[in-house]
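Listed here are the chains, written in short residue letters.
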Protein chains: 2
Amino acid sequence: MQETEAEFLKKYDRREYLAPLMTVDAAIFTFHGGKLLVLLTERCEHPEKGKWALPGGFVDEEKDASLEEAIQRKLQEKTGVKAPYIEQLISVGNNQRDARGWSVTVVYTALVALQSCQSFVDNVSDVRWEMYEEALKMDLAFDHIEIMKAARERLKQKALYSMVPAYALPEEFTLPELQHCLEVLIDKPIQKKSFRRRVEQADLMEEVGLRSADKKGRPSMAYRLKEGVKDFTFIRNLDA
Amino acid sequence: MQETEAEFLKKYDRREYLAPLMTVDAAIFTFHGGKLLVLLTERCEHPEKGKWALPGGFVDEEKDASLEEAIQRKLQEKTGVKAPYIEQLISVGNNQRDARGWSVTVVYTALVALQSCQSFVDNVSDVRWEMYEEALKMDLAFDHIEIMKAARERLKQKALYSMVPAYALPEEFTLPELQHCLEVLIDKPIQKKSFRRRVEQADLMEEVGLRSADKKGRPSMAYRLKEGVKDFTFIRNLDA
DNA sequence: ACATATAGTGTCATTAGGACACTATATAAA
DNA sequence: TTTATATAGTGTCCTAATGACACTATATGT
């Protein structure tokens, strides 16, 4: 006799399967003082207690309806950061990465403006922005060093063919600032003219008036991303 | 008094967390008779019993040391396909996609040569190669239609800037065959000359002699991928 | 032989982008 | 006030990639 789906689900007990631990983590970057920064939290529990790690944690079946909700909730709770344009990077799962056993993490990555969360981060001791170059030398929890490197690499690729790094800057920024940000991300100088041609072609920014001259030299024009611009890609590579 | 990590792990019981169901699935494509084909398996159990689905299944903590091993094992067991250059596509997780509850799937995708697994697929009734265009109209299990579309889109992007589609062809192939394959993948004609320039520049294939003329017209040169070529990318887009 | 079908090449025009000199406009110092 | 210098921004040439498309090459079939 055929079992119906309703009958199947009624007797079905998920506890019969010991599923792997399921976490979400986020590699969140910003740009400040000419440096790329990455957001870290200190682990307050075993395993890896006391080590710094990418913010994240267990998916909560009650609180989260999806992986996207889970990572937004975890980020918000732990660091105060809201990352509207967060993007899935990769998933890592094996029986080695967590001492508690088979573990899977779905990793997200985003660029955010420092201003959007500075006050929160400044006021708690277990969250901080670390310079990426320094974070590379740290003994991060689990396999988070490798994950962070993968996120950094993705960022580099994005910077080669898009203007995404604008998200890491304040709402208003100048083209020299954006160019410098890109140069840090791709780790090589960009021709000023090439860069500006691409900005013009992309037609994604609007002028918001001259920046008051706080330093020597000609003042630069300030821009902001046009309304409704969420993501955008150039056809060709910068340098490469 | 501080708890040590060893003490923590000793008393730690994973069954206290009800982790989401953890599966791996694969969108496997090939190219045959001028058409893009996708590999499907028929579900033999509830839920979605009797529906066709992307091959995949639960991660087995005993058998699999990692997600990569899990997807290779599942593919092999269910379809006989070995996909050496399989690639992670995306992970999907929410409380809607599986009637059994919160479920996460890590999706992989690959292009394989039909020959490498034809006999297996021919001999079992619950596995088949379906034309992609037809599969689109099917009522696949879970959210597999959306996942399949995402994999198709990734394939299209890859075809625009790489020669990866060569993996979907027999070991020896002609340039007109490869061009046609690319045209199907990106769904638009390619300039013959542009295509051949790129093949030459890439320097990834070697001649293996003239193809015997089975049809009208000048016979074409057969090629194979050079030894050691695994993945390769062009700088610029085809058409776009 | 000649029509036709398919494979493969030659070549020109367009365009993206690197190189780099040039102009523009500010502050600081003489 | 002039001049030095620093930074912003533009003009212009050269090269490389590639789209467009006509051309040559080599097979089959009548």
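All values reported here derive from a predicted model rather than from experimental measurement.

Let us look at unusual backbone geometry. All names here are of chain A. Following His46, the chain continues into Pro47 via a peptide bond in cis, with omega recorded as -5°. Its place among the elements puts Pro47 in the loop between strand E2 (35-42) and strand E3 (52-53). Residue Asp203 is not a glycine yet carries a positive backbone phi of 55°. Mapped onto the fold, Asp203 is located in the loop between helix H7 (192-202) and strand E9 (205-210).

The next thing to look at is the relation of the copies chain B and chain A. Mapping between the two copies of the chain is achieved by a rotation about an axis and a shift along the axis. Once turned by 180° and shifted 0.0 Å along the axis, chain B lies on chain A with an RMSD of 0.1 Å. The superposition operator between the copies reduces to a two-fold rotation axis. Judged by C-alpha distance, Ala19 of chain B is the residue of chain B that lies nearest the rotation axis, at 2.9 Å. Residue by residue, 98% of the interface of chain B is reproduced at the interface of chain A, so both copies engage with the same surface.

For the rest of this paragraph, the subject is the domain arrangement of chain A. Residue and element names in this part refer to chain A. For chain A, the assigned domains read domain 1 (11-158) and domain 2 (162-231). Distance from the C-alpha centre of domain 1 to the C-alpha centre of domain 2: 28 Å. On the domain 2 side, the residues contacting the 13 residues of domain 1 number 15 residues. Both sides together, the interface formed by domain 1 and domain 2 hides about 1300 Å², and carbon and sulfur atoms give 65% of it. Of all residues in domain 1, Phe31, Tyr85 and Lys158 give up the largest surface area on contact with domain 2, accounting jointly for 47% of the area buried on that side. Where domain 1 meets domain 2, there are five residue pairs in polar contact (both at pLDDT 80 or more).

On the UniProt side, "domain: Nudix hydrolase" (unreviewed entry) is annotated at positions that read residues 21-152 of chain A here. The distance separating the terminal C-alpha atoms of residues 21-152 of chain A is 25 Å; by composition the span is 24% helix and 36% strand.

The next point concerns the environment of Gly80 of chain B. Residues and elements named next belong to chain B. As for its position among the elements, Gly80 is in the loop between helix H2 (67-79) and strand E5 (87-94). Look at Gly80 and you get buried, because its relative accessible area is 14%. Linking Gly80 and Asp60, residues 20 residues apart in sequence, is a C-alpha distance of 18 Å.

Let us now look at the side chain of Arg43 of chain A. Residues and elements named next belong to chain A. For Arg43, the location among the structural elements is in the loop between E2 and E3. Buried Arg43, no salt bridge; nearest opposite-charge side chain is Glu45, N-O distance 5.4 Å. Every residue in contact with Arg43, bar those within four places of it in the chain, is listed here: Glu48, Lys49, Gly50, Lys51, Ala53, Arg100, Ala141 and Phe142.

Before going further, it helps to examine the interface of chain B and chain A. At the junction of the two partners, chain B supplies 43 residues and chain A supplies 42 residues. Counting the surface lost from both chain B and chain A, the interface buries some 3900 Å², and carbon and sulfur atoms represent 59% of this. Summed over the three residues of chain B that lose the most area to chain A, namely Arg14, His46 and Trp102 of chain B, the buried surface amounts to 18% of that side. Counting the contacts that link chain B with chain A gives zero salt bridges. At the boundary of chain B and chain A, one finds eleven residue pairs in polar contact (both at pLDDT 80 or more). When residues of the side of chain B that touches chain A are traced back to their parent elements, those giving at least two are helix H1 (5-11), strand E1 (21-32), E5 and strand E6 (103-111) of chain B. Considering each element in turn, the side of chain B that touches chain A owes the most residues, six residues, to E5 of chain B. Of the residues belonging to the side of chain B that touches chain A, the class tally is 22 nonpolar, eleven polar and ten charged.

This next bit is on the packing of helix H6 (residues 175-186) of chain A against H7 of chain A. Residue and element names in this part refer to chain A. Where H6 meets H7, the axes come as close as 11 Å, and the angle between the chain directions of the two elements is 110°. On the basis of their axis angle, the class for H6 and H7 is roughly perpendicular. Where H6 abuts H7, its residues Leu175, Pro176, Leu178, Gln179 and Leu182 lie against Lys192, Phe195, Arg196 and Val199. Grouping the amino acids of the contact of H6 with H7 by side-chain chemistry returns six nonpolar, one polar and two charged.

The next thing to look at is the nonpolar core. Within the largest apolar cluster, 50 residues are counted, with the highest numbers of intra-cluster contacts made by Ile28, Leu67 and Trp129 of chain A together with Ile28, Leu67 and Trp129 of chain B. Not counting residues up to four positions away in its chain, the partners in contact with Ile28 of chain B are Leu37, Val38, Leu39, Leu75, Val81, Ile86, Ala110, Val112 and Trp129 of chain B. Residues Ala27, Leu89, Val107 and Leu178 of chain A belong to the second largest nonpolar core, which totals 45 residues.

Further remarks concern the sheet that holds strand E9 (residues 205-210) of chain B. Strand pairing in a sheet is mediated by backbone hydrogen bonds. Such pairs are either parallel or antiparallel. Residues and elements named next belong to chain B. The strand order E8-E10-E9 describes an open sheet built from three strands, whose pairing is antiparallel. Across the chains shown, the open sheet's two edge strands, defined by having one partner strand only, are strand E8 (173-174) and E9. Across two bridges, E8 lies against strand E10 (residues 221-225) in antiparallel orientation. If you follow Phe173 over to E10, its bridge partner there is Tyr223.

Residues and elements named next belong to chain A. The strand order across the open sheet built from three strands is E8-E10-E9, with neighbouring strands paired in antiparallel fashion. Bordering the open sheet on either side are strand E8 (173-174) and E9, each of which pairs with just one other strand. Note: E9 against strand E10 (residues 221-225), four bridges, orientation antiparallel. Each bridged residue has a counterpart across the sheet, and for Glu206 the counterpart in E10 is Arg224.

Attention now moves to the environment of Phe58 of chain A. Note on placement: Phe58 of chain A falls in strand E4 (residues 56-58). Phe58 of chain A sits 18 residues away from Gln76 of chain A along the chain, and the two C-alpha atoms are 14 Å apart. When sequence neighbours within four positions are dropped, the list of residues in contact with Phe58 of chain A reads Leu21, Met22, Thr23, Arg73, Lys74 and Arg100 of chain A together with Tyr12 and Tyr17 of chain B.

Conventions we followed
- Residues numbered from 1 in each chain as written.
- Chains lettered and ligands numbered in written order.
- Predicted model: local features only at pLDDT ≥ 70, side-chain atom pairs only at ≥ 80, totals over all residues.
- Heavy atoms only, no water.
- Helix = DSSP H or I, 4+ residues; strand = E, 2+ residues; numbered from the N terminus.
- Least-squares fit on C-alpha atoms with pLDDT ≥ 70 in both.
- Contact = heavy atoms within 4.5 Å.
- Domains from an automatic or database assignment.
- Buried area = accessible area lost by both parts, 1.4 Å probe.
- Polar contact = N/O pair within 3.5 Å; in protein donor to acceptor, adjacent residues only side chain to side chain.
- UniProt positions renumbered as here; feature names shortened; annotations may be inferred.
- Buried < 20%, exposed > 50% of the residue type's maximum accessible area, 1.4 Å probe, protein only.
- Lys, Arg positive; Asp, Glu negative; His and termini not counted.
- Salt bridge = Lys/Arg side-chain N within 4 Å of Asp/Glu carboxyl O.
- Nonpolar A, V, L, I, M, F, W, Y, C, P; charged D, E, K, R; others polar.
- Axes fitted to C-alpha atoms, helices over the stretch in contact; angles between N-to-C directions.
- Parallel < 35°, antiparallel > 145°, perpendicular 65-115°, else oblique.
- Core = buried A, V, L, I, M, F, W, Y, C linked by side-chain atoms within 4.5 Å.
- Pairing = 2+ DSSP bridges.

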